[in-house]
Each structure stands twice: as C-alpha cells, then as structure tokens.
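Report on the structure
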Amino acid sequence: MSTQDLVPSPVGPVDVEQAEAALVERYPRLVRIAYLVLPPALGRNRRVLTAHALVQRSLPRRRVPGPAVPGPRREEDAVDPGYAYVRGEVLRQALVAGLPLRRLALPRRAQFPPLLPHVWGLRLFPRVGGADELALDQRLSRLSGPGRAAYVLRGLERQGDPEVLRVLAAAGVEDPAAALAEADALDATEDPEDPAAPGALPPGDDTARVGEQGGPGRAGISDDAGFLGGAGWPHGTDGAGGRPGRAGLPGRDGGPTGPGAVTGRAERVGEQSGRGGADGTGAGRDAAPDGPDPAATEAHPPPSPARPGRLSGAALLESDEFDPCALQARPTDLVRRRQHARAAFVAVVALVVCGALLGLPGDGWGRNGAAAPSYARNPAAEAALDPGAVKRVGADVWPGATRRDFSVWPARGGLVGDTALLRRALAVWARPGGAVQSSATPGTPVGPPMGPPQLLFAGRVDAMRVVLFHDGLRAVRYAEPVEGTAGAALDFARTDAADAVGAAALVVSRASGNVRYLTAPWVRDAAVRDLLAPARAPRPLVRDADGVTDPVPSPARAAGGCARWNALQVRDGSGLRLLTDLGELAPARLLWGPPAAPVDATGTEAREAWARTACQLSAVQGHGVRSVSAWRFARQPLPEGAGHGTWVCTRAETWRGTGGRVLAQFLVPSPGVPAALAARSEGSPACGVRDPRVLAGVLWQAPGGGWYVLAAGSPDFTSLETSGGVKSRSEGPLLAVRAKPGARADLTGTLRDGTRRTALR
C-alpha cells in the first residue's frame, strides 16, 4: 500500500484540556509505548527517563484543529481524539530520539538526554523479566525505529494494518509499509510449534517462568483493552486469592492455577471475547473462585495438555519487563562517583587559589605586574578624587601673577560649592562609563588626574551643569543634564604651555549649533567678527558676571556650506586677539605674516586674506590645533593681462607640537572668489619657523580661454622647472607656461644654495 493512498484518521479537533486528560488517564500506557519504540542501545536507565520526558512534552500548545471534512469512522480508529493526538506526538518524538546525530545536521531536542525528569545518584530500570521478555527485547533491538513502532501499534494497541500505516505516516515515517513489513517478519520468527523457540515453555511444565517470583509483584499483567485484567475473565482466577490469571497460563504467584485453569498458548488478540466476558454479559469478573465458568469453558475449550505453553511476542509487550512505571533503583558507581567528587573539589580549590594569586595585589604578580594598587586604593589618587581637595584660585591672584595662563584662573560659577556635582565629575573623569560621550583632541591622554585638579568653572549653562578642570596638562569639561545624569559628556583638550592668548577662552557649552565661551579674567571685552566680511564691524558679545558669553553660531557645526565664519575677538591689556572655534575645547588663534614674525590677524590686509581662505579651516578641525597662521609668500603677474595672482601658505600648529598641517592656496584677482587649494601636506615643516620655504603650482584657465601652468615659490627659490606633461624652466621664484586642459606636470625648484626642492604635497 503506497503512503500516497493513505488518508488521515478522522479525529476531531483536540483541546489542550482534552489532551491533558488523555495523557494523565493513559500515562502508563503512553510511557510504555515510548519505552518500547526507543532504541535499546540507549540503556534502560536513559530509556526510562527519556520515555517519561517524551510523554510529558507531548501536550499541544494550543487547540489542534480537525480535518475540514471528517471522513467515515473506522473500527480501528482511535476512539479518543486527545489520546490519538498524544500518542502520535509520543511516537514522533521517540522516532526522532532514535536517529543518530549527524555532523552537519541540526540536532533535535528529542535526541539529547532529557533535562526533566532527572535523577541524581540512582539508576532506574524496569523489573527483570524472564527468558521470553529477554528474547523479545533482543529481537526488537534488531528492528529499526519505525519497525518497532509498527510492532507496538499492532501488538500493544491492537491496531489493524491500515490504521498502523496511517499513524506511522502521521508520525513522519517515510516508508510505513516497510516498517510494517519489519513487524511482519518479526511475527514470522515466532514458531508456536517449536519448543526451543524464544518464549516456549517445556512440555508439561505448568510452573512459573524463569526469573518470576510469586506474590503481588508478579500476580498478573495489566491490560486496558480486555485481553487480561478486565471484566469477563473466562477462565477463572488464580489460586491463593491472587489476581485473575492469564488464560491458559500458570498463576503468577508461583503456584498452580485454580480450578478451571488450563495449560496452553495464550490466545491472540482478536480471538478473545470482549470486556464483558465470553458472552458479553460482564459476569467474568464475578466468577466463583472455586470453579470454572461454564460459559467460558464452553466458549474456549482447553487445548491438549501435551502442547507446550507459550506466550506470543505481542502478549509479552504487556509484561513488567517493558513497564517504565514499575521501576527498580540501584546506585551508580559509588567508587567512581567519589573519585569524581574529589577531583571536582580539588579543581575548584585550585581555581580559587590561582584567581586570588593572579587577580589580587600582594606578593604574587597581578595583571599589571609590579604596578602599585589601583588608583582607588592609592592615597594620591584618592585625594585626586576628593572634591574637598580640588584647588581653587582666588579672584585676586591673577593681577599680581608673574604669568597669565590657566593656572591663575579663578574658580567661577554658581555651583563651585556643589560637592556632589564635583564628586560626580571627578568620578566620571577617572572612570567614564559606557554611556558617557567622551572626546579628546589627538595626542591628549584621557586617564584620571594625577593629583587634585584645579577648578576653573562649575555652573549651569544651557540646561546643563558644567564643570571645567585643569590639571596643568589638560583642560577637562564635564557636562550633565540638569535633570538626572543620563547623557553625561566628557571632553579633553591638551593646553600645556599656554600663554595669555592661548588661555584667553575655553568652550563651556555647545547646544543647537551655538557655542558659548568662558573668557579669562584679564579679557576686557569680547566681540564676534565674521571672517568672510572683512569690512563689517565686529558685533559686541555680552558676558555675564562669571565671564560666560552669549551663544554664538559655531562655524565648526555650520551646515549648508561656508556662508559665514564667526570668530571670537577679545581685547586684553596688550591688544586685540582673534580666535576661532574648530570643534575643540580650546579655540585656535588666528595669525598673519611670515613664519618668523606672525601677528594677530586683526589688520586690514590680514582680514582681507582670511576672508578668502577662512573656509579652508574646515580641513584642520578636530586636529588639536593651537594656532593657524597665513602668509603671502608670492605675488605673480597672470598671462594675457589678467592681473596679479596671490599665493598664500596656511600652517596649523598643534598643542602637541607634531602633526602640523600646511595648505598652499592660490587667489585670483577677483576679491569675491574664494582661494583655490593648490597643495596640502601633513607633518611637513614647510611654511614654518624651521623651514620657511614653500613651492606650489596650479593649472589655471585665463579669461580668454587659454590654459596655463602657474607655479610660485618663496623668495629663496632662484629657478623653477616643470617636467612630465609640461616641460619648461624659468629663472626666479615664478613660472607661467601654456599647457593643454588636464595636463599634469612635476614641479621642482632650486634654492640659493643649490638645493633642489619638490612642490608641496
């Protein structure tokens, strides 16, 4: 019969409560089914626990719908839909548990040892049976999982072949017909005429089977379907008040059967009367113990006494050998368990000792070698985190100080006495958590303070509580929301060797694209100047009593191009200074002039040059810049009478002293056209105090449409030469040669001492 011809059993929908009731009521039979289908290779202890686990995991999670159009009910269909569903789930899981683990296949839950139920220190297994049960167990072990399932369904569940095929197909068996054929082959090996066959008793022997003991423990074989133990015992009861004996078998209490008992082979399923006895009246259970039931004797005449007594394999499935609910307990290997416990105890002790030696400070080597204990246990570090030890400079110190830098800034702000705020700020500085937004300029260490830092400011700015510290090397800004501490920020900037101008201001707040500055106490007034509008007068900037300015649109956070570039203009006791925000804690100073003697970019010529080069400052943002100086190193007549072009070199110096950036820019005669970037370099000494020389070139198009290679060097160059796509040579620091569009050339120059230099790159 092909599996394509099978139709599902017409059971109705199954509720969770209905399935649970069926599971509880028929739990012993379901566990017996799982135990028989599981492979014997698992061992009896694991088979018992796995059988219970599979049955307990067989409840549906929700209501299971029935077929859309129920078919006609057959005689072999399961009566209770809940029991049919749970039995199918048990079979499916038991078949999966018998599959071997594959290297590339995803393992299933049923293939692992069960977590529950679990037994510690004991081994559980069913009661030991006789030779019949042992022989049947050996024959079942040679079958495949589907073959065992087919044998159990037909022998234990009394299912006909069509129903067995349907149940196997529903349980996921690929070839139910082959499984049924295996069960048929096993039945064929049971020869009832062979006294030597497994399960046969010696002729004329009516004593108990091998290994059986008398008493209630073996006084009968439970049966739910009327084969044994139900109403209608047609052959009387066993002797000595025992339970009704199996028809045609010796009594299970070890003695002979009572009157009316016969010796012979047990009848096969389907050949007996129903639960109501031989005549269907149900009088079998009340039969007299001292004599046979005439109706039963007539309906079942005893066989010849000379025929050997024997049990079929299907009948043996009901024996206690295969009952995982009637268990015996034995201890595990006590000697090995004691050895394992000792080994585990020694391993735990060794792990604890090693962790104590390696992880704790002391005579042993820790993770940091010979380093001192962590700063939380170091007196100097503990003092650095004490808000009471924070240095506070008075407001009357700076006027009489020999130098003016951050070390003479007074402690300002309305929260300088907030000890809790200072403690949080110091703790976050020393141990910033994962939720803290931290930033630092390149080359700035971000570790905890080396000692008690100096407090510069503590106050409320733009709905934030802000604290500014200085430890001699760095300026540190801590900010937290006024409501709570979520979203705290921590910024580091290197400010060592700052002078009066370098310490003129610090950024105290950034919000909504605006920036506020905290100015030094020696700053007399402040203003905002737009570098892109050199002729426009600066706008005065209001400051409060603590020196905090009003918000100013920051060029570092500007969006939509370079429409304006706001710079902070401050006046101290010696003149005007121009500072700009480059996205760091300390603003950068803007200078103008040759590298040997630059001045603050407050003059007319400097403002006009910066008006066309300020937008190039975005190339040095966030680089730890201390100052930016611009220098006009050449002025060149342009071909075709187009006027004069200007060459400007811009150099950004850093607080750390290395990593300076150099930009060479070319300015056409039109004052409204921004500078064109000709070359750039990082880490080069060109255009600086150590090497005040620079050489650069561009490909320029004249107003008439002609293309030219223009090159210029600082006054120290005596000749320039191009090679590659354009070949030319000129005396002096300037060169202009006609070229094709898109031409590329290599530029070199010769200094007064004969040294050859390449262009900036």
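We now turn to the structure provided with this report. (Residues numbered from 1 in each chain as written. Predicted model: local features only at pLDDT ≥ 70, side-chain atom pairs only at ≥ 80, totals over all residues. Heavy atoms only, no water.)

1. What about the overall build of the protein chain?
A tally of helices and strands in the protein chain yields 14 helices and 27 strands. Across the 761 residues of the protein chain, 46% fall into the buried class. Residue pairs at least 24 apart in sequence account for 65% of intrachain contacts in the protein chain once pairs closer than 6 positions are excluded. Accessible area for the protein chain stands at about 36800 Å²; split by element, carbon and sulfur atoms hold 55% of it. (Helix = DSSP H or I, 4+ residues; strand = E, 2+ residues; numbered from the N terminus. Buried < 20%, exposed > 50% of the residue type's maximum accessible area, 1.4 Å probe, protein only. Contact = heavy atoms within 4.5 Å. Areas by Shrake-Rupley, 256 points an atom, 1.4 Å probe, with all protein chains shown as cover.)

2. Some details on the nonpolar core
One finds Val-37, Val-55, Leu-91, Leu-140 and Leu-168 to be the most contacted residues of the largest nonpolar core, which totals 46 residues. When residues of this core are traced back to their parent elements, those giving at least two are helix H1 (16-25), helix H2 (27-37), helix H3 (44-56), helix H4 (81-97), helix H5 (131-141), helix H6 (145-155), helix H7 (161-170) and helix H8 (176-188). Per-element accounting of this core gives the leading share, eight residues, to H2. Those residues in contact with Val-37, other than ones at most four positions away along the chain, are Leu-91, Ala-94, Leu-95, Gly-145, Arg-148, Ala-149 and Val-152. Within the second largest apolar cluster, 37 residues are counted, among which are Val-408, Val-508, Ala-520 and Ala-586. (Core = buried A, V, L, I, M, F, W, Y, C linked by side-chain atoms within 4.5 Å.)

3. Here's the deal with unusual backbone geometry
It is generally the case that most residues other than glycine have a negative phi and that most peptide bonds are trans. A positive phi angle, close to 60 degrees, is found at Ala-463, a residue other than glycine. Tracing the backbone shows Ala-463 in the loop between strand S4 (454-461) and strand S5 (464-470).

4. Examining the environment of Leu-334
Topologically, Leu-334 is positioned in helix H11 (residues 334-359). Considering only alpha carbons, one finds Leu-334 and Gly-121, 213 residues apart in sequence, at a separation of 8.6 Å.

5. Remarks on the state of the cysteines
All chains considered together, the criterion is met by two disulfides. What pairs with Cys-562 in a disulfide is Cys-615, and their sulfur atoms sit 1.9 Å apart. Its torsion about the S-S bond being -85 degrees, the disulfide of Cys-562 and Cys-615 is classed as left-handed. Separated by 53 residues along the polypeptide, Cys-562 in the loop between strand S12 (552-553) and strand S13 (566-572) and Cys-615 in the loop between helix H14 (604-613) and strand S17 (625-637) bring together distant segments of the chain. A relative accessible area of 36% places Cys-562 in the partly exposed class. Ordering the disulfide-forming cysteines of the protein chain by sequence position, one finds them joined as 1-2, 3-4. (Disulfide = S-S within 2.5 Å.)

6. Considerations on the sheet that holds S4
With mixed pairing, five strands are arranged side by side in an open sheet as S3-S7-S6-S5-S4. A single partner strand is all that each edge strand has here, and the edge strands are strand S3 (437-440) and S4. Looking at each pair of strands side by side, their axes are set apart by 10 degrees on average, direction ignored. Examined bridge by bridge, S4 and S5 share seven bridges and lie antiparallel to one another. Across the sheet, Leu-455 pairs through a bridge with Phe-469, a residue of S5. (Pairing = 2+ DSSP bridges. Axes fitted to C-alpha atoms, helices over the stretch in contact; angles between N-to-C directions.)

7. Quick word on a nonpolar patch on the surface
Among the surface-exposed residues, Phe-345, Val-346, Val-349, Val-353 and Leu-357 lie close enough to one another that they form a single nonpolar patch of about 480 Å² accessible area. Note that Leu-357 resides in helix H11. (Patch = residues over 30% accessible without salt bridge, like charges linked within 9 Å, V, L, I, M, F, W, Y side chains within 5 Å. Salt bridge = Lys/Arg side-chain N within 4 Å of Asp/Glu carboxyl O.)

8. Here's the deal with the pairing of strand S21 (residues 695-701)
The pairing of S21 with strand S22 (residues 707-713) spans seven bridges and is classified as antiparallel. Its bridge partner being in S22, Leu-695 is matched across the sheet by Gly-713. Hairpin connection between S21 and S22: a loop of five residues separates the two successive antiparallel strands, and Gly-705 in this loop has a positive phi of roughly 105 degrees.

9. Concerning the pairing of strand S10 (residues 525-530)
Most of S10 is tucked away: five of the six residues are buried. Alignment of S10 against strand S11 (residues 539-540), held across two bridges, turns out to be antiparallel. Note that in S11 the partner of Val-528 across the bridge is Arg-539.

10. Quick look at the sheet that holds strand S24 (residues 728-731)
Pairing is antiparallel in the open sheet, where four strands are placed in the order S24-S23-S26-S27. Each having just a single partner strand, S24 and strand S27 (756-758) make up the two edges of the open sheet. Sheet twist, expressed as the mean angle between neighbouring strand axes with direction ignored, is 20 degrees. By the bridge criterion, three bridges tie strand S26 (residues 745-751) to S27 in an arrangement that is antiparallel. Across the sheet, residue Thr-748 finds its bridge partner in S27, namely Thr-758.

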